[in-house]
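Summary of structural features
Residue strings, one per chain:
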Amino acid sequence: MKRHAITLLIAVVVIPFCAASAQQALYKFKPNTPYKYSLELKQEQVQEAMGQTMNVSVDGTVKVSMVVDKVLENGDMHASVTIENALILAETAQGSETTGGELKGKVFGFTMQPNGKVVDRDSIPDMGEQTGEMAQVMGGFTGLFPKLDIEKLKTGSTWEKLSDDTAGTGDTQIITNRKMSYNVKATKPVKKRDCLEIVMDGTKETNGKVSRGDQDYRLSGEGTVNGTIYFDLAEGLLVEISITDKGDTVVQDPNSSSFKLNISQNTTTKLEYLPE
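None of the values given here were measured: they were computed from a predicted structure.

What counts, and where the lines are drawn
- Residues numbered from 1 in each chain as written.
- Predicted model: local features only at pLDDT ≥ 70, side-chain atom pairs only at ≥ 80, totals over all residues.
- Heavy atoms only, no water.
- Helix = DSSP H or I, 4+ residues; strand = E, 2+ residues; numbered from the N terminus.
- Rg over C-alpha atoms; globule rule 2.2 N^0.38 Å.
- Buried < 20%, exposed > 50% of the residue type's maximum accessible area, 1.4 Å probe, protein only.
- Phe/Tyr/Trp six-rings, centres within 6.5 Å; stacked < 30°, edge-to-face > 60°.
- Polar contact = N/O pair within 3.5 Å; in protein donor to acceptor, adjacent residues only side chain to side chain.
- Contact = heavy atoms within 4.5 Å.

**What to know about the overall build of the protein chain**
Tallying secondary structure elements over the protein chain gives two helices and 12 strands in all. Here the C-alpha atoms of the protein chain give a radius of gyration of 19 Å, agreeing with the 19 Å that 2.2 N^0.38 yields for 276 residues. Dimensions of the protein chain, computed from C-alpha atoms along their principal axes, come out at roughly 55 × 40 × 35 Å. When each of the 276 residues of the protein chain is scored for burial, the buried share is 46%.

**Examining the packing of aromatic side chains**
To describe a pair of aromatic rings, one takes the distance between the centres and the angle between the planes. Counted under the stated rule, the structure contains 14 aromatic pairs. Between Tyr27 and Phe145, the ring centres sit 5.9 Å apart and the planes meet at 70 degrees, which makes this aromatic pair edge-to-face. Pair noted here: Tyr27 is in the loop between helix H1 (2–13) and strand S1 (35–49) and Phe145 is in the loop between helix H2 (130–143) and strand S7 (158–167), with a separation of 118 residues, a long-range link. Neither residue differs from the other here; Tyr27 and Phe145 are each classed as buried. With a centroid separation of 6.3 Å and an interplanar angle of 70 degrees, the aromatic rings of Phe110 and Phe141 are classed as edge-to-face.

**What about the side chain of Thr142?**
Note that Thr142 resides in helix H2. Judged by its relative accessible area of 0%, Thr142 is buried. A polar atom in the side chain of Thr142 sits 3.0 Å from the side chain of Arg121. A polar atom in the side chain of Thr142 sits 2.9 Å from the backbone oxygen of Met138.

**Remarks on the environment of Leu103**
The residue Leu103 is located in the loop between strand S4 (95–99) and strand S5 (107–112) in this model. Here Leu103 falls in the buried class, since its relative accessible area comes to 0%. Between the alpha carbons of Leu103 and Met134 there is a distance of 7.1 Å; along the sequence they are 31 residues apart. Those residues within four positions of Leu103 in sequence are excluded, and the remaining contacts are Ile83, Ala86, Met127, Gln130, Glu133, Met134 and Val137.

And the structure:
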C-alpha cells in the first residue's frame with residue numbers, strides 16, 4: 001500500500017512544466033566536467049476513501065554528479081548521472097519506510113537539447129524493487145531542468161505559456177494541462193553567481209488512467225503551481241529551481257461507483273547546484 005501511494009504521488013508531481021520554443025544554446029555544460037546537484041522533495045498528502053483517512057508524508061534528498069560525456073552532431077548533449085547518495089523517508093498510518101540507500105553509485109543517462117528539452121532517457125536495467133525508485137529519481141532530476149526561450153530572458157520580460165504534458169509508462173498515463181505565467185526579475189547573486197530570477201505562477205488540470213495490477217482507475221484533479229528559477233545566463237547553468245505544487249485529485253474505479261479516493265497534496269521540490 002505504501003509503495004503504491006508513493007508511486008502515484010510521484011507520478012502526479014514529477015512532470016516537466018516549461019516548454020521551449022527555440023533551439024538555442026541555453027545550457028552550456030562543459031564536456032567531461034562534473035556538475036553536482038541536490039534534489040530535495042517534501043510532500044504532505046491526505047487520502048480519503050470509504051470513510052477512512054490516511055496521511056502520507058514523504059521527505060527525500062538525492063545528491064548526484066552529472067557529466068556530459070558526448071555532444072552529438074546536432075548539438076544535443078548526452079549526460080551520465082551518478083547517484084552519490086539518496087535517502088527517502090515515507091510516513092503513513094502503517095508506519096515508516098526508509099529507502100534510497102541501494103541507489104548509491106547507480107548511474108542513469110539522458111539526452112538534452114541545448115535549450116533544455118530532454119529528448120531521450122536511457123533504459124534502466126532491472127534492479128528489482130529499486131527499479132521504480134530509480135525511474136522516479138531519473139524523472140525527478142531530468143524533469144526539473146526548465147525549458148525556456150532564451151530570447152525572452154531579459155529583466156522585466158513577462159509571458160504566458162500553455163502546455164500539455166504526458167507522464168507514465170505502460171497502462172498508466174497521466175496528462176497535465178498547465179497555464180503558467182513567467183516574470184523575469186532583476187539579476188540576483190546566488191552562490192556567488194549573477195543569476196536571473198524568474199518567478200512563475202499558474203494553474204493545472206490533470207486527467208488520466210492509473211493501473212494497479214489488473215485494475216484500472218480514472219484520475220482527475222486541479223491545483224496551483226508556483227516557483228522560482230535562478231539561472232546563470234552567461235555560463236548557461238541552472239543554479240536553483242524550487243517549485244510548490246498544491247492540488248486535489250480524485251481517483252475512481254470507472255466500473256464501480258462505490259470506490260472513490262480523494263487526494264489532497266502539497267509538494268515542494270528543489271533542485272540546487274552544488275559548487276565544488
